[in-house]
Amino acid sequence: MSIILPAQTFILPIVIGMVIGAAIASVFFIIFNKRRGSGNLSVKETIAAGILSNIDDFTEMFEPVYSVSLGKSNKQQEVFAEWNARVRDSAEDNGYKALFEKKFGDYASWGQGKKKFKEKKANKIFKKKAKQLVKIFFKGNILRGNSTFETGNENTAELYDFVGDGSIETDKQYEVLAPCWTYQEMTVDKGVIR
């Protein structure tokens, strides 16, 4: 017959608890990694993938959203209305249409209080939502140019519209009035130079 000492009575439950805790943590780790690797995309990733699969439907639509995100546009509602229309009319749908509608589709009610419209509140919401949409562009590698000056070359006319007399000349320095937006080698929103 063995005698159990008081210290041994505490050690056994602690060891059993540690083993059970490690087993539970392992199960959660396996489930989480299986879910991440199974192709499930986040809302932002799904919307970005949907925009990319319909990229031709959104040409000339990126800089207006960026302007709204900075609070530099008074056509906020028109910009979101056009985005919603183009998303709705796009051919390919990986589930992004419903997610876009849920996240950005209620633009007409942004700023609407219980009794009256609050313009200041609406401006804040439009700015916040536009920032979210710009982050989605960046997540999909739709990138905004950051040059303030552009040197003319054989590709400049594909990236920028020229404001002024004549045409774009090679090796001439131009001021960028509005940056271009690109996805890989494709120009999705032409910039403006002079």
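For the structure, see preceding data.
All of the points below concern the structure found in this document.

Criteria and thresholds
Residues numbered from 1 in each chain as written. Predicted model: local features only at pLDDT ≥ 70, side-chain atom pairs only at ≥ 80, totals over all residues. Heavy atoms only, no water. Salt bridge = Lys/Arg side-chain N within 4 Å of Asp/Glu carboxyl O. Helix = DSSP H or I, 4+ residues; strand = E, 2+ residues; numbered from the N terminus. Buried < 20%, exposed > 50% of the residue type's maximum accessible area, 1.4 Å probe, protein only. Core = buried A, V, L, I, M, F, W, Y, C linked by side-chain atoms within 4.5 Å. Contact = heavy atoms within 4.5 Å. Patch = residues over 30% accessible without salt bridge, like charges linked within 9 Å, V, L, I, M, F, W, Y side chains within 5 Å. Areas by Shrake-Rupley, 256 points an atom, 1.4 Å probe, with all protein chains shown as cover. Lys, Arg positive; Asp, Glu negative; His and termini not counted. Charge placed at Lys NZ, Arg CZ, Asp CG, Glu CD. Expected span 1.5 Å × (residues − 1). Phe/Tyr/Trp six-rings, centres within 6.5 Å; stacked < 30°, edge-to-face > 60°.

When their charged atoms lie close together, side chains carrying opposite charge are able to pair. This structure, assessed with the given rule, holds four salt bridges. Close ionic contact of Lys-190 with Asp-161 constitutes a salt bridge, the shortest N to O distance being 3.4 Å. Placement of the pair is Lys-190 in the loop between strand S6 (186-189) and strand S7 (191-193) and Asp-161 in strand S3 (residues 160-162), with a sequence separation of 29 residues. Since its relative accessible area comes to 28%, Lys-190 is described here as partly exposed. Taking relative accessible area as the criterion, Asp-161 reaches 38% and is therefore assigned partly exposed. Salt-bridge contacts for Glu-175 lead to Arg-194; the nearest nitrogen and oxygen are separated by 3.1 Å. Of this pair, Glu-175 sits in strand S4 (residues 173-178) while Arg-194 sits in the segment after S7; the two residues are 19 residues apart in sequence, bridging distant segments of the chain.

Here we come to the nonpolar core. If you look at the biggest cluster of nonpolar residues, it comprises 30 residues, and the most contacted ones within it are Ile-51, Phe-62, Phe-80, Trp-83, Leu-133, Phe-137 and Ile-142. Among the elements of the structure, helix H2 (43-53), helix H3 (62-69), helix H4 (76-89), helix H5 (96-104), helix H6 (119-139) and strand S5 (181-183) are those that each provide at least two residues to this core. Sort the elements by how many residues they give to this core and H6 lands first, with seven residues. For Trp-83, the residues in contact, after removing those within four places along its chain, are Ile-51, Phe-58, Met-61, Phe-62, Val-65, Phe-100, Leu-133 and Phe-137. With five residues, the next largest nonpolar core counts Tyr-160, Tyr-174, Val-176 and Cys-180 among its residues.

As for its position among the elements, Val-163 is in the loop between S3 and S4. Measuring from C-alpha to C-alpha, the distance between Val-163 and Arg-194 comes to 5.0 Å, with 31 residues separating the pair along the chain. Setting aside residues up to four positions removed in sequence, Val-163 forms contacts with Val-192, Ile-193 and Arg-194.

So, on to a positive patch on the surface. A cluster of basic residues, Lys-44, Lys-127, Lys-131, Lys-135 and Lys-139, forms a positive patch on the protein surface. With four residues, H6 is the largest single contributor of residues to the positive patch. Assignment of secondary structure puts Lys-135 in helix H6.

Let us now look at H4. Taking 1.5 Å as the rise per residue, H4 with 14 residues should run 20 Å; its terminal C-alpha atoms sit 20 Å apart, in good agreement. Among the residues of H4, Gln-76, Val-79, Phe-80, Trp-83, Asn-84, Ala-85 and Val-87 are the ones counted as buried. Buried residues along H4 sit against H2, H3, H5 and H6.

Tracing the backbone shows Met-61 in the loop between H2 and H3. By relative accessible area, which is 7% here, Met-61 ends up buried. Separated by 21 residues in sequence, Met-61 and Glu-82 place their C-alpha atoms 8.4 Å apart. Among residues more than four places away in sequence, those in contact with Met-61 are Val-79, Glu-82, Trp-83, Arg-86 and Asp-189.

Attention now moves to the packing of aromatic side chains. Counting across every chain of the model gives 15 aromatic pairs. On the numbers, 4.9 Å between centres and 70° between planes, the contact of Trp-110 with Phe-126 is edge-to-face. Here Phe-126 lies in helix H6 and Trp-110 lies in the loop between H5 and H6, a separation of 16 residues in the sequence. An aromatic cluster is defined as three or more aromatic residues linked by ring pairs; in this entry it consists of Phe-58, Phe-62, Tyr-66, Phe-80, Trp-83, Phe-100, Phe-104, Trp-110, Phe-126, Phe-137, Phe-138 and Trp-181.

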